[in-house]
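# Report on the structure
These are the residues of each chain, in order.
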Amino acid sequence: MEKREMVARLADILAETSRGLPDFAVMEVCGTHTHAIARYGLSALLPSNIRLVSGPGCPVCVTADETIAQALTLARQPATCVCSFGDMLRVPVRVQYPEGETGLDSLLRERGLGRDVRLVVSPLDVLRLAQAEPDRQFVWFAVGFETTAPATAVLLRQARAAGVPNLKVLCAHKTMPAALQALLDPADSKPAKQPIRGLLCPGHVAAITGANAFQFVPRQLGLAAAISGFEPEDILAALVELSRQLHRGQPGLRNMYPAVVRPNGNLAAQGLLSQIFQPSTATWRGLGEIPASGLSLRPAWQEFDALNGSLSPDPAATVCPVAETKPSACHCGPVLRGDESPLDCPLFMRACTEANPRGPCMVSSEGACAAASRYGTGGAAVRLKEHYRAGSGAVSGHNEFRKEPDIYG
Amino acid sequence: MCLAIPGKVAAINAQQGTIDYGGVTRQADMTLLPQAQVGDMVMVHAGFAIAVMDQAAGEELMRLTAELDSYGKA
Amino acid sequence: MDEEISLAHGAGGEAYRQMVQEIFIPGYGSPELSQLGDSAVLPGPGQSGELAFTTDSFVVWPLFFPGGDVGSLAVSGTVNDLAVAASVPRYLSVAMIIEAGFPTKTLQRIAASIAATAQKAGVRVVTGDTKVVEHGRADGIYITTSGVGTFDGGWRRPDQQVRDGDVLLVSGPLASHGVAVMAAREQLEFNPPLQSDARPLAGLIRSLLASGLSVHAMRDPTRGGLGATLCEWADSSGLCLTVQEDALPVRADVRAACALLGLDPLFCANEGVVVLALPAAQAAAALACLKAHPDGQAAAIVGQVTAGQPGLPGHVSLDTGYGTLRRVTLPAGDILPRIC
C-alpha cells in the first residue's frame with residue numbers, strides 16, 4: 001500500500017477505534033514526535049476526542065538554565081572551545097555576568113562575540129577537533145537522552161584510548177523513566193486539565209533501552225503505552241493501538257516500532273552506558289530535581305569532567321543564571337509538563353517568537369512552541385477533505401499574533 | 001528527541017561503517033552495533049549506527065494494523 | 001528590535017526583516033529602497049531608459065566549496081538579482097576586503113573565477129576597490145559586488161506581484177547551495193561531496209522572458225530559501241500560496257543530507273534557482289521553456305495562488321501529501337543542523 005493511502009486508511013481506522021471513548025489526551029515525550037506531528041499536520045487527522053500533548057521530550061528544552069550558564073562560563077575561558085548540537089547553541093538564558101551586568105545570553109551569542117563555540121553533528125567530531133588542536137581545551141556539552149548518551153560513552157572511551165588530554169565533557173545527559181514517573185505519577189493529585197490516558201513512547205530511546213524498559217508505564221503509571229516510530233503512519237498506528245487499549249480498559253505496552261526496537265534493546269550500548277555513567281539526580285527545566293534521572297561520570301572517568309580540576313572556572317568569572325521575574329516569565333515549565341499548551345503562555349507569539357525566543361521550547365525546532373509557531377498555532381493544520389469542501393484557499397489559525405486558534409471554516 | 005535516519009551499510013572497516021543514504025554516503029561509527037553486516041539497513045543517530053532494521057517486522061505490523069478495520073467496533 | 005545585532009540579523013529571516021523595517025527604511029529609505037526588490041529600478045539619464053541597480057556582499061566560509069567559490073558566488077548572486085528584475089545584466093563592480101597574510105595564489109584563483117563567471121553571465125567587471133585589513137580582522141576575504149542592468153531586452157517587465165490564479169514554478173532542485181556549503185563548512189564529509197548549484201541565471205531567464213510568457217513575479221530564492229520568498233509574496237499580495245511538498249524538486253543526495261541534518265529544503269539557500277509565478281494557462285509552456293534550457297532541466301510546477309479568506313492576511317500553506325495542509329512561516333535566524 002502506498003504511504004499516503006496507508007495514512008488515510010489509518011486515520012479512518014483511528015476514527016473508528018476511538019469512537020465512544022471519552023475525551024482523552026496522549027502525551028508524546030519525544031521532540032522528534034512533536035516535530036513530525038506538527039510537520040505533517042497530523043493533529044488535523046485526529047478525531048475530536050483525542051488531544052496530543054507534548055511532554056519533556058526535547059533534550060535541549062529540558063536542559064536547566066544552570067547547566068547552560070556553566071557552558072557559557074566555560075566558553076568564556078581562554079583557549080577553550082565549547083562544542084554542542086545546533087539547537088543547544090541558541091537557547092537564551094538570562095544571566096548575570098561576572099562584571100555584574102545582566103542580559104540574555106546564549107552560546108551562539110558568545111560565538112558572535114568571538115568566543116570559540118562550535119557546532120557538531122556527532123560527539124566524535126569533538127575528538128577529531130581536540131586532536132587537531134592540542135593547545136586548546138575542548139568541552140563537549142553533552143545533552144540528549146538514552147539514544148545519544150552511548151555516543152558520548154564511545155567518545156570518552158576513544159579519547160582515553162588515544163590519550164587525548166584536552167577533551168572534557170559537560171555532562172547533561174538525562175534518562176526518561178524516572179522523569180516520566182515523576183511527571184505522570186498517579187499518586188500525585190495535581191489536577192490535570194485533560195487527563196493523560198496514553199503515552200506515545202519514544203522509539204529511538206527504546207531502540208537503546210529496549211521495549212521492556214517502558215513496562216512501568218502501564219504497570220506503575222496505569223497508562224496505555226505504545227512505542228512509536230516517526231513517520232506519519234507510525235504515529236497514527238500507535239494511536240490506533242492506544243485507543244484499542246483504552247477501549248478494552250486494559251492499559252498495556254505494545255511495541256509498534258518492531259522494525260527498530262527489540263524487547264531488550266541494544267545491549268552493547270547499554271553495557272557502555274553502565275561502564276561510563278552512573279545514575280544521578282538531575283535538574284529538568286519545568287520539572288525540577290528528579291533523583292536518578294540524569295547520567296554522571298563514574299569515578300573512574302572523572303578526569304573528563306569539565307567542572308572538575310583543570311577547567312574548573314574561577315568563581316569570579318562565573319556566569320550565573322538569573323531567575324526571570326513575573327510577568328515576563330515564560331511558561332516553558334508548564335508546557336514541558338504537559339499542563340499547558342503553547343497557546344496558554346502569555347508570551348507565545350508575542351514577546352516570544354522564533355526570531356526572538358524567550359524560552360527553549362521556542363528555540364529548539366523540536367520544542368512544542370516552535371512546532372506550534374512554525375507549523376500553525378496550536379497545530380491548527382487542516383484536513384484537506386474538509387478544506388476543499390469549504391471551498392476556500394485559505395488556512396486560518398496560524399501566526400496571526402492572536403492567542404485563540406481560529407477554527408477553520 | 002532523537003533524530004535517526006535509515007541507511008544501508010555499504011562497507012565496514014573496523015569501527016567505521018560506510019552508510020549509503022540513497023546516492024550519498026557518510027561514515028558512521030559501528031561500536032554500538034557490533035553485529036551489523038554489510039547490506040543491513042541500520043538507523044543512524046549522531047554519527048552512530050544504533051539499531052539494525054527488521055523491515056519485514058515493520059511491514060507486517062503495519063499490514064495488521066491497517067487490516068483490522070473492525071477495531072473498537074465491538 | 002533587539003538590543004544588539006546578532007548573527008540572526010544577517011540570516012535573512014524575521015530578525016533581518018525587522019532590522020530593515022525599523023532601521024534602514026526609516027533611516028534612509030528612498031522610494032526605490034522601500035520596494036525591497038532584488039534590484040532597484042532607476043530612471044536612466046536623458047531618454048536612455050531605466051536601469052536596474054543592485055548590490056550584495058559575500059562572506060561565505062569556506063571560500064571554496066564543491067560547485068563554486070566566493071568569486072563565482074559574488075558574480076552569480078548579483079547577476080541573478082539583476083536578471084530576476086527582468087533586466088539584462090551589463091556591468092559589475094567588485095570590492096574586496098582582504099586580510100593581511102592572505103595567499104596571493106588564492107586571490108588569483110578567486111579573480112579567475114570571477115572573470116569566468118562574469119563571462120558566462122555576459123557581464124563586464126568595470127570598476128573595483130580593494131582594502132587590506134590587519135590579520136584577524138576579516139575572515140580571509142569579503143567581496144561586495146554591485147551590478148547594473150538595462151531594460152532593452154524587448155520583453156515585458158513583470159510587476160513582481162503574484163495574482164489569484166497563478167501557478168508557482170521553480171527552475172531547478174532546491175537547497176543544493178545551502179546544504180553544500182553547510183556540509184563543507186562543518187566538514188560533514190558526504191561522499192560524493194554535495195555540489196552547490198551556484199550559477200548565473202541570466203541566460204535561463206532571458207529565454208523565458210523572450211518567449212513572451214506573462215511572468216507576474218520572479219525571484220532567486222537565496223537566503224531563507226523558497227519558503228522565505230513565498231512568505232514575502234504572500235505578505236505583499238494578501239493572497240494564499242499553496243505548495244505541494246511532493247512536487248518540490250530536491251536532488252536525492254541533498255534530500256538525504258537534509259534528513260540527516262534535520263533541515264527543511266524549503267528553507268535552505270539556493271544560488272542557481274529561480275521561482276516564478278504566472279497564469280495557470282501558461283504553466284505548461286513555461287515548464288517546457290525552462291526544461292529546454294541546460295540550467296532548468298529539473299524545473300517543476302510546485303504550487304498555486306488563490307484568493308485569501310476575507311479578513312485574513314496573505315499566507316503560505318503546504319500540502320503535506322498526507323491529506324493535511326499546514327502553514328509555512330518565515331524561518332527565524334540561522335538554520336542550524338538539528339540532531340536531537
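In this text the structure is predicted, and so the values were computed from the model without any measurement. (Residues numbered from 1 in each chain as written. Chains lettered and ligands numbered in written order. Predicted model: local features only at pLDDT ≥ 70, side-chain atom pairs only at ≥ 80, totals over all residues. Heavy atoms only, no water.)

Before going further, it helps to spend a moment on the sheet that holds strand β5 (residues 88–99) of chain C. Residue and element names in this part refer to chain C. The strand order across the open sheet formed by five strands is β1-β2-β7-β5-β6, and the pairing between neighbours is mixed. Edge positions in the sheet fall to β1 (40–42) and β6 (124–133), since each of these pairs with one other strand and no more. Averaged over all adjacent pairs, the angle separating strand axes in this sheet is 20°, with direction ignored. Summarising the sheet, β5 and strand β7 (residues 141–150) pair through ten bridges and their orientation is antiparallel. Counted as the bridge partner of Pro-89 is Gly-149 from β7. Across the sheet, helix α3 (residues 70–84) touches β2 (51–58), β5 and β7, and the angle it forms with β2 is around 150°. Packed on one face of the sheet, helix α4 (residues 104–121) meets β5, β6 and β7 and runs near 170° to β5. (Pairing = 2+ DSSP bridges. Helix = DSSP H or I, 4+ residues; strand = E, 2+ residues; numbered from the N terminus. Axes fitted to C-alpha atoms, helices over the stretch in contact; angles between N-to-C directions. Contact = heavy atoms within 4.5 Å.)

On to the interface of chain B and chain C, then. When the parts come together, some accessible area is lost, and that loss is often what is quoted as the size of the interface. In this assembly, twelve residues from chain B lie in contact with 16 residues from chain C. At the junction of chain B and chain C, the tally comes to zero salt bridges. The tally of links between chain B and chain C comes to two residue pairs in polar contact (both at pLDDT 80 or more). Residue composition of the side of chain B that touches chain C, by class: seven nonpolar, four polar and one charged. (Salt bridge = Lys/Arg side-chain N within 4 Å of Asp/Glu carboxyl O. Polar contact = N/O pair within 3.5 Å; in protein donor to acceptor, adjacent residues only side chain to side chain. Nonpolar A, V, L, I, M, F, W, Y, C, P; charged D, E, K, R; others polar.)

Looking now at the packing of helix α1 (residues 3–17) of chain A against helix α11 (residues 232–248) of chain A. Residue and element names in this part refer to chain A. For the pair α1 and α11, the least separation of the axes is 9 Å and the interaxial angle reads 15°. Taken together, the axes of α1 and α11 are roughly parallel relative to one another. In this structure, α1 meets α11 at a crossing whose hand is left-handed. For the pair α1 and α11, the contacting residues are Lys-3, Met-6, Val-7, Leu-10, Ala-11, Ile-13, Leu-14 and Thr-17 in the first and Pro-232, Glu-233, Leu-236, Ala-237, Leu-239, Val-240, Ser-243 and His-247 in the second. (Parallel < 35°, antiparallel > 145°, perpendicular 65-115°, else oblique. Left-handed = near helix turned anticlockwise from the far one by under 90°.)

A separate point is the confidence of the model for chain B. Mean pLDDT over chain B stands at 88; residues scoring 70 or higher make up 89%. Here helix α1 (residues 55–67) of chain B stands out as the least confident element of chain B, with mean pLDDT 85; strand β5 (residues 48–52) of chain B is the most confident, with 98. (pLDDT = per-residue confidence, 0-100.)

This part covers the state of the cysteines. Going through the model one piece at a time under the given rule, you end up with zero disulfides over all chains. No disulfide involves Cys-361 of chain A; its nearest neighbouring cysteine sulfur is the one of Cys-332 of chain A, lying 3.4 Å away. (Disulfide = S-S within 2.5 Å.)

Turning next to the packing of α3 of chain C against α4 of chain C. Residue and element names in this part refer to chain C. Relative orientation of the contacting elements α3 and α4 amounts to 30°, with a least axis distance of 7 Å. The angle between the axes of α3 and α4 places the two elements in the roughly parallel class. Two packed elements cross with a definite hand, and for α3 against α4 that hand is right-handed. Where α3 abuts α4, its residues Val-70, Gly-71, Ser-72, Val-75, Ser-76 and Val-79 lie against Ile-110, Ser-113, Ile-114, Thr-117, Ala-118 and Ala-121. Here the residues of the contact of α3 with α4 sort into seven nonpolar, five polar and no charged.

The next subject is the nonpolar core. By size, the foremost hydrophobic cluster in this structure holds 177 residues, and its most contacted members are Phe-141 of chain A together with Leu-241 of chain C. Sort the elements by how many residues they give to this core and helix α7 (residues 149–162) of chain A lands first, with seven residues. Each residue touching Phe-141 of chain A, except ones within four places of it in the same chain, is listed here: Thr-63, Thr-67, Ile-68, Ala-71, Val-82, Cys-83, Ser-84, Met-88, Leu-107, Leu-170 and Ala-172 of chain A. In this structure, Ala-83, Leu-92, Ile-141 and Ile-205 of chain C belong to the second largest nonpolar core, which totals 48 residues. (Core = buried A, V, L, I, M, F, W, Y, C linked by side-chain atoms within 4.5 Å. Buried < 20%, exposed > 50% of the residue type's maximum accessible area, 1.4 Å probe, protein only.)

With that settled, the discussion passes to the interface of chain A and chain B. Listed as interface residues are 51 residues of chain A and, on the opposing side, 32 residues of chain B. In total, about 3,100 Å² of surface goes out of reach between chain A and chain B, with carbon and sulfur atoms giving 69% of it. Between the two partners, chain A and chain B, sit zero salt bridges. The interface formed by chain A and chain B contains seven residue pairs in polar contact (both at pLDDT 80 or more). Counting residues per element, the ones that place at least two in the side of chain A that touches chain B are α1, α2 (31–39), α6 (123–132), α7, α9 (203–209), α11, β11 (253–255) and α12 (267–276) of chain A. Split into classes, the residues belonging to the side of chain A that touches chain B amount to 30 nonpolar, twelve polar and nine charged. (Buried area = accessible area lost by both parts, 1.4 Å probe.)

What follows concerns empty space enclosed by the protein. Residue and element names in this part refer to chain A. By the definition in use, this model includes three cavities of 30 Å³ or more. Estimated volume of the second largest cavity: approximately 60 Å³. Along its surface, the second largest cavity is lined by 14 residues, and Ser-54, Gly-55, Gly-57, Leu-336 and Ala-368 are the ones closest to its centre. Those elements that place two or more of their residues in the lining of the second largest cavity are α2 and α13 (332–337). (1 Å grid on protein atoms, 1.4 Å probe; cavity = no way out; pocket = protein on both sides within 12 Å on 5 of 7 lines; lining within 4 Å. Points joined across faces, edges and corners; volume = space filled by probe spheres on them.)

Residues and elements named next belong to chain C. Along helix α5 (residues 176–185), seven of the ten residues are buried, which leaves the element largely enclosed by surrounding structure. Within α5, the full set of buried residues consists of Ser-176, His-177, Val-179, Ala-180, Val-181, Met-182 and Ala-183. Looking at the buried positions of α5, the neighbouring elements they touch are β3 (64–65), α3 and α8 (252–261). Taken from the residues just after α5, Gln-187 is the one with a positive phi, measuring 50°.

Right, let's get into the sheet that holds strand β4 (residues 93–96) of chain A. All names here are of chain A. Spatially, β5-β4-β14 is the arrangement adopted by the three strands of the open sheet, whose pairing is antiparallel. One side of each edge strand has no neighbouring strand; the edge strands of this open sheet are β5 (102–105) and β14 (320–321). The pairing of β4 with β5 spans four bridges and is antiparallel. The residue of β5 that forms the bridge with Gln-96 is Thr-102.

Attention now moves to the domain arrangement of chain C. Residues and elements named next belong to chain C. For chain C, the domain assignment lists domain 1 (37–150) and domain 2 (166–328). Centre-to-centre separation of domain 1 and domain 2, based on C-alpha positions: 24 Å. Summing both partners gives a buried area of about 1,700 Å² for domain 1 against domain 2, and 64% of it is carried by carbon and sulfur. It is Pro-66, Asn-80 and Val-84 that lose the most area in domain 1 upon contact with domain 2, and together they represent 31% of the buried surface on that side. Across the contact surface, domain 1 and domain 2 share zero salt bridges. On inspection of domain 1 and its partner domain 2, the count reaches five residue pairs in polar contact (both at pLDDT 80 or more). Of all the elements, α3 adds the most residues to the side of domain 1 that touches domain 2, at eight residues. Tallied by class, residues from the side of domain 1 that touches domain 2 come to 13 nonpolar, five polar and three charged. (Domains from an automatic or database assignment.)

Once that is clear, we can look at a nonpolar patch on the surface. Residues and elements named next belong to chain C. Taken together, Met-1, Ile-5 and Ile-23 make up a surface patch of nonpolar side chains, about 270 Å² in accessible area. Mapped onto the elements of the fold, Met-1 is located in the segment before α1 (14–28). Judged by relative accessible area, which is 36%, Met-1 ranks as partly exposed. (Patch = residues over 30% accessible without salt bridge, like charges linked within 9 Å, V, L, I, M, F, W, Y side chains within 5 Å. Areas by Shrake-Rupley, 256 points an atom, 1.4 Å probe, with all protein chains shown as cover.)

Attention shifts here to the pattern of salt bridges. Residue and element names in this part refer to chain A. If you walk through the whole model with that rule in mind, you get 31 salt bridges over all chains. The shortest N-O distance in the salt bridge between Arg-76 and Glu-110 comes to 2.9 Å. Remark: Glu-110 occurs in helix α5 (residues 107–112) and Arg-76 occurs in the loop between α4 (65–75) and β3 (80–84); sequence separation between them is 34 residues. The closest approach of N and O atoms between Glu-303 and Arg-160, which form a salt bridge, is 2.6 Å. With Glu-303 in the loop between β13 (288–297) and β14 and Arg-160 in helix α7, this pair connects stretches of sequence that are 143 residues apart. The class for Glu-303 is partly exposed, based on a relative accessible area of 46%. Shared partners join several salt bridges into a network, and the residues in it are Arg-76, Glu-99, Glu-110 and Arg-115.

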